[in-house]
Amino acid sequence: MSEEVQYKNRIELLQGTLDMLILQTLQWGPQHGYGIVQALRLRSGDVLQVETGSLYPALHRLERQSWVQSEWKQSESKQKARYYRITAKGKKQLASDLGRWERIVEAIGSVMYVKPEESES
Amino acid sequence: MKWFPSFGFQRRKRELQEEIDAHLQMAIADRVARGETAETARQAAAREFGNIPLVQDVTRDMWGQAWLEQLGRDIRYALRQLRKSPGFSITATAMLAVAICANSTVFSWIDGTMLRPIPGARDTGDLVSLQRGERNFSPTPPFSYLDYRDLREQNHTFTGILAYHNDWIALTGGAQPERAYIANVSANYFDVLGIKPALGRFFLAEEETRPDAVTNVVLGYSLWKNRYAADPAIVGKSIEIARHPVTVIGVAPEGFVGAAPGLRDDLWVTLDPLGNDVFRMTHRDIVWLIVIGRLRPGVSRGLAAQDLDTQMRHIVAAYPDQHLGDNQITLDPMWRSPFGANGYMAATLPILLAFAALVLLLTCANVATLTLVRFVSRRRELAIRQSLGANRMQLVWQMVLEGAVLSIVAGTMALALTMWTSKTFAWFFPANSTPLALNGYMDYKVVIGIAVSSLVAGMLCSALPAWRSSHAPAIEVLKAESASVSGGSRNRKLLSGLVVAQIALSLPLLICSGLFLRTLRNLAAANPGFQQDHILTASVGLNIAGYSNDEARLIRHKILDRVSALPGVEVATLTDWIPMTLIQKRTDAYPEGYVPHPHESLLVENAEVGPRYFESLHIPILEGREFTQDDDQKTPDVIIVDQTAARRFWPGQDPLGKRLRVGGSLSTVVGVARISTHTFVNEAPEPMVFISYFQHPGFETMVQVKTEGNPADLTPAVENAIHEIDARLPVFDVRPMRASTQMASSFAVIQSALAGMFALIGLVLAVTGIYGVVAYRTQMRTHEIGIRMALGASRVDVLRLVLSQGLWLTGIGLALGLAFALGLTRLIARLLYGIGANDPVTVASVVMLLGAMSLLACYFPAHRAMRRNPVTAIREL
């Protein structure tokens, strides 16, 4: 049970960000779950390691919200896999997620990099 | 998929498995490509992936279907728990099923009568029944043809207004004449009702008043099926009605039996099919039509009534002489239309439904008691589940689910039972001359009713006990030994409350049923003012079989002569009406010289009766004389009035020799009859005028015979005597008068039978309820009682301890129940006869009965407790 709680917490922690990362990955083309994990790891220079316990719930939730669609296809290595594709609705969502993300980064940045003189005055 | 979430669930589970497999395969393939061995690659990929079932679980949560799987698990758990205590499960289910069935049965009767006033008609909610003038229980047809036509053509608020008039008719042409119920209807009758023909067509507008046309007839479905063997080529054929050839133009669809709620028409013709009723088609003072209108969309009943009232006032202003008396138009929805059976239904059935609802509440209280006791005995299990992490809502949900499972099973049983009980309604109506089509009906409304009541019952039974039980602190329960707490003081209060509720609910049921039963007895014992024990009546279809007036007159005289001469016959006479059969005839009566107030009602009941009628029924003639053979068409018209009419028209004067205008002719009063019952024993007496049968033959020809012995024994002799005159004469409804007059008390029988049954259920539930609770609580206190006895309490002390606790509850229950009953009996006061709504004898005996039964129920556990050996009692934990 504790393990489940841990997973659930992680989903919640990452939720907005993970959704945005998945949608962004799918912008480059349809991809299966394993491919998304690999793509995120490569692009982030091995920093972002997405847990499957977060990834698959997120994918299925995104599908339920109609931000992605899925279909079964053969991969290059002849492996049958479920490919996810971003929808028009998903693209809109990605844009708004990205906008929010940038505002947060900016806001956090302006808090973190305040010049000492200004804060004293 | 969204609507049937379970559909495809297995497929999606399988797909998720495949998706994860693919993920692992690709991970392994990558690792192998990087040079790892197959085995290490597999292990590493699996490690990297993590806990597969867990991933599946959290992913499935995203589907929004997890609740379904959970529900399945919960239901299986609930079923397992219920199987563990079969005694409780069976008892509770059976009690709930009976209580739900009581409700659904009464509701199916309401559904079949009030909610389905005209089977087959479209949107009966838009139909309204028109009444002119005085409102009473079973009014006579209120409109003349010309008034009806003016209203139909001049109103602004109806899409259509139809009119009809019912009569008996004989279907001749076959070997034996067959009696059928026919309706003369306006041409738009079927259109306004929204009925489409099963075969052929219905009437055209131009056929309504065209006497030159060939007479057309529309057959009812069952008549077509039974008498004409469902002949598919019947349309266009000629059949014989009352010895007149008529052409069949259509067949009504199956199920449609006419516009009068609760009555059956067998066939339909136009208003003046033979062209020989010009008089009633052209006179505004001949009222004979029952009128139903269909409101325009969006028009309220009040607005429509205003509209018609305005039109009616114009008509009255134009023809004042034909519209003496009250002309106010009132509209009723069909479910309580005064024409047909629904007026009676609306007065009886909703009250019975209220009683049934009480029974259901009472049953819920009883089952809730059992449930609470059961949950208390399961408190260790609940505590363990709680300490394992189940939250309170989950516990409550699980317990409520058990109640829901019970009530769903009970509801299903009730549904099956109701299929049968809904059809028992017709049993309550004795054989009589009215073509009743009354019965319960099962449709989606009844099913919804059952579903709702079983769900509500399930909630009531389990929610409260579940909520209470989930309160128990887990640690305390697990630590403490079971005997030391009898479920906690909160549970004790709830148990007591439930017992009080059961007694308080059963008391009004018992009082009402007592009042109904005594009403029934009073009705049976009441003197109706006439002697009906040795009377046989037989209807002869003279008019309906198409005999001319002269032929009919001759036949009547012959019948009287022949039947009078039969051995065993004391008196034979003619009448066109039998009292207490719910049939009434009313007509306007204007005494000579009497000046009515404006809008004063001048209606009187009337009957055509032959010589020696009053003698045969032992109705005393207080003044003057009764009719004789000589009061025929050669002598001036004479009438006999009853005391009510005499007082109404000539207060303080001698009515003999006074003259009254009835049905168009001025008649002289020759006698005053003592008041007697017309329709109901408990009616407010209406003025009654008797007309000499030989001067104005009634529509019905009924031979009324006073016999020396059992009237039923004379049935064949009377039938033979009539058939000897003419073998083709239809004779029907030959039965003792007592059988016919049972009709007047059939509603009292329904009320008392159902109320009695409900009250019996209530009594059993209340008594078992209090027994169960007192026994249970005494059981829980065994240890304590043992200590008390060891410390010197006597057996009498123990007895008093247990009894007082039960009696205390009974007392509170009785007090609350009395208050409740006083409110409820006011509702049924109208239906009672010869007894007050708060009749002290009934109330006192019911209170005593319930009190005594409760005392008995408390005595057994008290007695058991008293007899315990204190040493074993203390040891028992």
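Student: Before we move on, can you summarise the overall build of chain B with the specific residues and values?
Tutor: The secondary structure content of chain B amounts to 26 helices and 21 strands. In terms of overall dimensions, chain B is more spread out than a globule: its C-alpha atoms have a radius of gyration of 37 Å, far above the 29 Å expected for 877 residues. Counting only C-alpha atoms and orienting by the principal axes, one finds that chain B spans roughly 120 × 90 × 55 Å. Each of the 877 residues in chain B was classed as buried or not, and the buried ones make up 45%.

Student: Explain the overall build of chain A to me, and be specific about the residues and the numbers.
Tutor: A tally of regular secondary structure across chain A gives five helices and three strands. Mapped in sequence order, the helices and strands of chain A form the string α-β-α-α-β-β-α-α. Each of the 121 residues in chain A was classed as buried or not, and the buried ones make up 30%. Of the contacts formed within chain A by residues at least 6 apart in sequence, a portion of 52% connects residues at least 24 apart.

Student: Give me the confidence of the model for chain B: which residues, what numbers.
Tutor: Residues and elements named next belong to chain B. When pLDDT is averaged along chain B, the result is 87, and 95% of the positions lie at 70 or above. Scored below 50 in pLDDT, residues 1-5 shows four contacts in the model against residues more than four places distant or in partner chains. Two numbers describe this predicted complex: its pTM, 0.78, and its ipTM, 0.83.

Student: Help me get a handle on the sheet that holds strand β3 (residues 80-86) of chain A, residues and values and all.
Tutor: The strand order β1-β3-β2 (chain A) describes an open sheet built from three strands, whose pairing is antiparallel. Each having just a single partner strand, β1 (31-32) and β2 (68-74) of chain A make up the two edges of the open sheet. Of the pairings in the sheet, the one linking β2(A) to β3(A) comprises seven bridges and is antiparallel in character. By the bridge assignment, A:K73 is partnered in β3(A) with A:A81. With respect to the sheet, helix α1 (residues 9-33) of chain B is in contact with β1 and β3 of chain A, its orientation differing from that of β3(A) by roughly 105 degrees.

Student: Would you mind going over the pairing of strand β12 (residues 569-575) of chain B in detail, with residue names and values included?
Tutor: Residue and element names in this part refer to chain B. Across the seven residues of β12, five count as buried, placing the element largely inside the fold. Sheet topology places β12 next to strand β20 (residues 701-707); six bridges connect them, and they run antiparallel. Paired with V569 across the strands is T707, a residue of β20.

Student: So what's going on with the nonpolar core? Which residues, and what values?
Tutor: Counting 229 residues, the largest nonpolar core has B:F355, B:V359 and B:V689 as the members making the most contacts within it. Considering each element in turn, this core owes the most residues, 20 residues, to helix α11 (residues 342-377) of chain B. Setting aside chain neighbours within four positions, we find B:V689 in contact with B:A589, B:V604, B:N606, B:I639, B:V641, B:A645, B:L660 and B:V662. Core analysis: the second largest hydrophobic core is formed by 29 residues, A:Y56, A:V68, A:Y84 and B:A27 among them.

Student: Help me get a handle on α1(B), residues and values and all.
Tutor: Since the α-helix turns once every 3.6 residues, residues separated by three or four places project in the same direction. For α1(B), spanning 25 residues, the distance from its first C-alpha to its last is 36 Å, which sits close to the expected 36 Å at 1.5 Å a residue. At its buried positions, α1(B) is contacted by α2 (33-43) and β3 of chain A together with α2 (38-49) and α3 (52-61) of chain B.

Student: Could you give an account of the confidence of the model for chain A, with specific residues and numbers?
Tutor: Summarising the model, chain A shows a mean pLDDT of 80, and 81% of its residues fall at 70 or more. Every residue in residues 1-14 of chain A is under pLDDT 50, and counting partners more than four places away or in other chains gives 15 contacts.

Student: An account of the domain arrangement of chain B is requested, with residue identities and associated values reported.
Tutor: How large an interface is tends to be reported as the accessible area lost when its parts come together. Considered domain by domain, chain B is made up of domain 1 (9-64), domain 2 (124-336), domain 3 (345-525 + 747-875) and domain 4 (535-745). For domain 1 of chain B versus domain 4 of chain B, the distance between C-alpha centres works out to 97 Å.

Student: Let's hear about the pairing of strand β16 (residues 638-642) of chain B: which residues, and what values?
Tutor: All names here are of chain B. Most of β16 is tucked away, with five of its five residues classed as buried. When β16 meets strand β18 (residues 665-673), the two strands line up parallel, connected through five bridges. When the bridges of β18 are listed, I640 appears paired with G671. Strand direction decides the pairing type here: β16 and strand β19 (residues 688-692), joined by three bridges, are antiparallel. Bridge pairing in β19 links I639 to I691.

Student: Lay out helix α4 (residues 88-112) of chain A with the relevant residues and their values.
Tutor: For α4(A), spanning 25 residues, the distance from its first C-alpha to its last is 36 Å, which sits close to the expected 36 Å at 1.5 Å a residue. Residues A:G90, A:Q93 and A:L94 constitute the buried set of α4(A).

Student: Requested: an account of the packing of helix α17 (residues 549-565) of chain B against helix α20 (residues 715-725) of chain B, with residues and values cited.
Tutor: For any two helices packed against each other, the geometry is given by the interaxial angle and the distance between the axes. Residues and elements named next belong to chain B. Following both chains from N to C, one finds α17 and α20 inclined at 140 degrees, their axes separated by 9 Å at the closest point. By the angle class used here, α17 and α20 are oblique. Judged by the sense of rotation from one axis to the other, the crossing of α17 with α20 is right-handed. Packed against α17, whose contacting residues are I555, K558, I559, R562 and V563, the element α20 presents V718, A721, I722, E724 and I725 at the interface.

Student: Break down unusual backbone geometry for me, with residues and values.
Tutor: Residues and elements named next belong to chain B. With a phi angle near 50 degrees, A230 is a residue other than glycine that sits in the positive phi range. Tracing the backbone shows A230 in the loop between α8 (221-226) and β6 (238-241). Given 12 C-beta atoms within a 10 Å radius, A230 is considered exposed. The phi angle at M580 is positive, at roughly 60 degrees, despite the residue not being glycine. Structurally, the position occupied by M580 is in the loop between β12 and β13 (586-591).

Student: Would you mind going over the environment of B:I555 in detail, with residue names and values included?
Tutor: Residues and elements named next belong to chain B. Mapped onto the elements of the fold, I555 is located in helix α17. The partly exposed category is assigned to I555, around which 18 C-beta atoms lie within 10 Å. Placed 174 residues apart in sequence, I555 and L729 show a C-alpha to C-alpha distance of 9.7 Å. When residues no more than four places from it in sequence are discounted, the contact partners of I555 are L542, Y547, I725 and D726.

Student: Hey, could you go over the environment of B:I286 for me, with residue numbers and the actual values?
Tutor: By the secondary structure assignment, B:I286 is in the loop between α9 (278-282) and β9 (290-295). Along the sequence, B:I286 and B:M419 sit 133 residues apart, while their C-alpha atoms lie 45 Å from each other.

Student: So what's going on with the environment of B:M789? Which residues, and what values?
Tutor: Within the secondary structure, B:M789 is located in helix α23 (residues 782-790). When neighbours within four sequence positions are excluded, B:M789 is seen to be in contact with B:V798 and B:P870.

Rules of the game
- Residues numbered from 1 in each chain as written.
- Chains lettered and ligands numbered in written order.
- Predicted model: local features only at pLDDT ≥ 70, side-chain atom pairs only at ≥ 80, totals over all residues.
- Helix = DSSP H or I, 4+ residues; strand = E, 2+ residues; numbered from the N terminus.
- Rg over C-alpha atoms; globule rule 2.2 N^0.38 Å.
- Buried ≥ 20, exposed ≤ 12 C-beta atoms within 10 Å, placed from the backbone.
- Contact = placed C-beta atoms within 7 Å.
- pLDDT = per-residue confidence, 0-100.
- Pairing = 2+ DSSP bridges.
- Axes fitted to C-alpha atoms, helices over the stretch in contact; angles between N-to-C directions.
- Core = buried A, V, L, I, M, F, W, Y, C linked by C-beta atoms within 7 Å.
- Expected span 1.5 Å × (residues − 1).
- Domains from an automatic or database assignment.
- Parallel < 35°, antiparallel > 145°, perpendicular 65-115°, else oblique.
- Left-handed = near helix turned anticlockwise from the far one by under 90°.

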